[in-house]
Amino acid sequence: MSLRWSPVTDQLYAVSNSSPSLDLDFAAKKTLDDNISGRNLITFSRASSGTYVGSDGLIKTSPVNLLPYSEQFDQSVWTKANGAQVTPNAAEDPAGGNTADLINFTSTSQQVYFGFTPGAGTYTLSVYLRVASGSKQLRMQTYSLTDGAQNKNITVTSAWQRFSHTVVISNTSTTFLPVSPVDLGEVYIWGAQLEENSTASEYIPTTTTIGGAPRFDHDPLTGESLGLLIEEARVNDISNNFSTGNQTDGAALSQITSITNPDGTTGTIKVTATASLARHEIQVSSSGETNNHSYSVFVKKGNHRYVGLSQGGAANNVHCLFDFDTKTIFDDGGRGSHSFVSSGFEEYANGWFRLHFVGSTSGTVLRVFLAENDQQDGLRDWTASGSEFVYTWGPQKEEGSFPSSHIPTTGSALPRAADVATIEGNNFSSWYNQSEGTIFTDISPLAAASGRGYLFSNGTNNQRLGQNADSTTGFALFMSKAPTTTSLSAAVSGMPKPIKACLAYKPGSSRGVIDGVLKTLSTTNNVPDAIDQVGIGFQNYAGSSGFLNGHIARLAYYPYRLSDTILKEITS
């Protein structure tokens, strides 16, 4: 059941003395559902898995629906065998739309199935089914030459039900049948999902590709809900986590099962400095780069105070040092041919820290090392007593000027696709007003040179209402009706940081407001009047770009221009 927020307890409602026509309170609800309609109006996709931090401070991996066109069984990716026919959009679906398909089974040999080759593991197939009246016996099935048929008979009634079938399969070509007939006749079908899991997770709709679930992130130390995480596509070029088989220099490696890793697993690698004059480090192969990359790793204090992260060799390297006791990071730069841009750390649960730096070097080794003190340049040898140690986990190297969410790898570089969230069509026009309105956002970019918090448009750059963060002082609110673009905010210092903003538009009286401060008032009548969609956390035209790389705690829309007094109050 959708939660309707009380005007007594919610600032947006209490201050404005009215309800917005759209209210996406991602941080409070941890769902895509709109508070006002009670429905999910957002089309969301990410063609991969992704990680986020749960309320317990541990890194989680979002589920993925491995079936494309999960609501379009008439598409060619779904094989219709032995004369099976599908009628698309034949009935109301469980979500209140009209996208349920109809299959009329006239023979027990007919099938509608999806075939591909997944990895070996445990998989759960799920699907929503109903019949027009009465009940029918149907069958869910997987089949492969190695595993044979794994069937589950089900009874389908006139009420929508979600059925699931969990199987263990080998690494071979497998056919997945959401449903095949035992009894003949018509059956309505919607929302097929296949996931590598022992249970069915919340349904994830897909179109042309597989789909990862939206990620509702949390502060890794406090557990505070941060909202919807939107990130651009990234690749972790480090193909494996650390292990006892990694190359070392002056250090002994051991696997410890008594320590909880940042993702809740065990088996972290303990790096112990040896007594000999050495560098005391664990190494992993990492290609040199001429353009800036972000290098990151998780570390946990054992009994040694100083730890460092380095990319490169003795002649060319870039690195930083961290002091566990003072929680301070030192930008020690590097030596030889290199570029050092920045460094930082983030504190996680259970004593873990994620260190990172941004830079480039021709060196080809990523190292985590024990430093003698905070004066070390990170690579000079020193003599240890033989008992100093730290723990380490999760190395990551990615092209970009800041670290993104953790991308786990198991044998090869792994990409994470971009998060794409849009509202279009009737889902958009049902709450949007062309003549005047107010857009409220509460966002937290991960980097100063971030992207769009949102972009309302007509699918081109000719008609736009937008929000953009492109530098430490470049946070912008703007409206555009070609050929004129109107700025509604001046520079905002100190980005990246959490920021509340309103863009209120109305011919002759458009206003930007940021963190309780009134910005530019525009008296122009040049207000866009052909808006038909919104990209949430990205630019929804020109190939989908300008990703926020951060969190959207809330996005709300009023179908009228709020007063300046109210704009100041709700953004304070």
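Rules behind the numbers
Residues numbered from 1 in each chain as written. Predicted model: local features only at pLDDT ≥ 70, side-chain atom pairs only at ≥ 80, totals over all residues. Heavy atoms only, no water. Pairing = 2+ DSSP bridges. Helix = DSSP H or I, 4+ residues; strand = E, 2+ residues; numbered from the N terminus. Axes fitted to C-alpha atoms, helices over the stretch in contact; angles between N-to-C directions. Phe/Tyr/Trp six-rings, centres within 6.5 Å; stacked < 30°, edge-to-face > 60°. Lys NZ or Arg CZ within 6 Å of the ring centre and 35° of its normal. Buried < 20%, exposed > 50% of the residue type's maximum accessible area, 1.4 Å probe, protein only. Polar contact = N/O pair within 3.5 Å; in protein donor to acceptor, adjacent residues only side chain to side chain. Contact = heavy atoms within 4.5 Å. Salt bridge = Lys/Arg side-chain N within 4 Å of Asp/Glu carboxyl O. pLDDT = per-residue confidence, 0-100.

(A) Focus on the sheet that holds strand E22 (residues 266-273). Strand order in the open sheet formed by 6 strands is E21-E22-E34-E25-E31-E30, with antiparallel pairing between adjacent strands. On the outer flanks of this sheet lie strand E21 (251-260) and strand E30 (338-347), each paired with one strand and no other. Each adjacent strand pair in this sheet contributes to an overall mean axis angle of 35 degrees, direction not counted. Looking at chain direction, strand E25 (residues 289-301) and strand E31 (residues 352-361) are connected through 9 bridges and run antiparallel. Opposite Ser-296, over in E31, you have His-356 as the bridge partner.

(B) Highlighting the packing of aromatic side chains. Summed over the entire model, instances satisfying the criterion amount to 31 aromatic pairs. Note on Phe-538 and Phe-547: the rings are 5.5 Å apart at their centroids and 15 degrees apart in plane angle, and the pair reads as stacked. Among the aromatic residues, those joined into a ring-pair cluster are Phe-428, Trp-431, Tyr-432, Tyr-454, Phe-456, Tyr-505 and Tyr-557. Just above the ring of Tyr-188 sits the side chain of Arg-130; from NZ or CZ to the centre is 4.4 Å. Over the aromatic face of Phe-389 sits the side chain of Lys-270, whose NZ or CZ is 4.1 Å from the ring centroid.

(C) Local environment of the pairing of strand E43 (residues 510-514). The element E43 is extensively covered by neighbouring structure, given that 5 of its 5 residues are classed as buried. Burial along E43 is two-sided: the face carrying Ser-510, Gly-512 and Ile-514 and the face carrying Arg-511 and Val-513 are both buried. Of the pairings in the sheet, the one linking strand E42 (residues 499-505) to E43 comprises 4 bridges and is antiparallel in character. Looking at E43, one finds that Leu-503 is bridged to Gly-512. Between E42 and E43, which follow one another and run antiparallel, lie 4 residues, and Gly-508 among them has a positive phi close to 85 degrees. Two elements, E43 and strand E44 (residues 517-522), share 4 bridges in a ladder whose sense is antiparallel. Residue pairing in the sheet places Arg-511 in a bridge with Leu-521 of E44. In sequence, E43 turns back onto E44 through a hairpin of 2 residues, with Asp-515 there showing a positive phi of about 50 degrees.

(D) Seen up close, the side chain of Asn-35. Turning to its location among the elements, Asn-35 is positioned in the loop between helix H2 (26-29) and strand E2 (43-45). Within the local environment of Asn-35, its side chain forms a polar contact with the side chain of Lys-29, the two groups lying 3.1 Å apart.

(E) Molecular detail of the side chain of Gln-141. Along the chain, the position of Gln-141 falls in strand E11 (residues 135-144). Reaching out from Gln-141, the side chain makes a polar contact with the side chain of Asn-151 at a distance of 2.7 Å. Among residues more than four places away in sequence, those in contact with Gln-141 are Gln-111, Leu-125, Ala-149, Gln-150, Asn-151, His-165, Thr-175, Phe-176 and Leu-177.

(F) Spotlight on the environment of Ser-126. The residue Ser-126 is located in strand E10 (residues 121-130) in this model. Taking the C-alpha atoms as reference points, Ser-126 and Trp-190, separated by 64 residues in sequence, lie 10.0 Å from one another. Residue contacts for Ser-126: discarding those within four places in its chain leaves Met-140, Arg-162, Phe-163, Ser-164, Gly-191, Ala-192, Gln-193 and Ala-200. Separated by 3.1 Å, the side chains of Ser-126 and Arg-162 make a polar contact.

(G) Focus on the sheet that holds E2. Ordered by their spatial adjacency, 7 strands build an open sheet running E2-E36-E45-E38-E39-E40-E41, and the pairing between neighbours is antiparallel. Two strands close off the open sheet at either side, each with one partner strand: E2 and strand E41 (484-487). Between one strand and the next, the sheet's axes are offset by a mean angle of 15 degrees, whatever the strand orientation. Note that strand E40 (residues 475-481) and E41 share 4 bridges and pair antiparallel. Bridged to Lys-481 within E41 is Thr-484.

(H) Representation of the pattern of salt bridges. Under the defined criterion, the tally for this structure stands at 19 salt bridges. The shortest N-O distance in the salt bridge between Arg-215 and Asp-419 comes to 2.7 Å. You can see Arg-215 sitting in the loop between strand E16 (211-212) and strand E17 (216-218) and its partner Asp-419 sitting in the loop between strand E35 (414-416) and strand E36 (420-424), a full 204 residues away along the chain. On the accessibility criterion, Arg-215 (0% relative accessible area) is buried. A salt bridge links Arg-511 to Asp-564; its shortest N-O distance comes to 2.9 Å. Here the residue Arg-511 occupies a position in strand E43, and Asp-564 occupies one in helix H4 (residues 564-571), the gap between them amounting to 53 residues. Accessibility expressed as a relative area gives 22% for Asp-564, which makes it partly exposed. If you follow the salt bridges from partner to partner, you end up with Arg-46, Arg-215, Glu-231, Arg-416 and Asp-419 in one network.

(I) View of the confidence of the model for the protein chain. Here the protein chain averages 91 in pLDDT, while 96% of its residues score no lower than 70. Contacts from residues 1-8, a stretch scored under 50 in pLDDT, to residues over four places away or in other chains number 18 contacts.

(J) The environment of Ser-412, seen in detail. The residue Ser-412 is located in the loop between strand E34 (389-399) and E35 in this model. The spatial distance from the C-alpha of Ser-412 to the C-alpha of Ser-239 is 4.2 Å, given a sequence separation of 173 residues.

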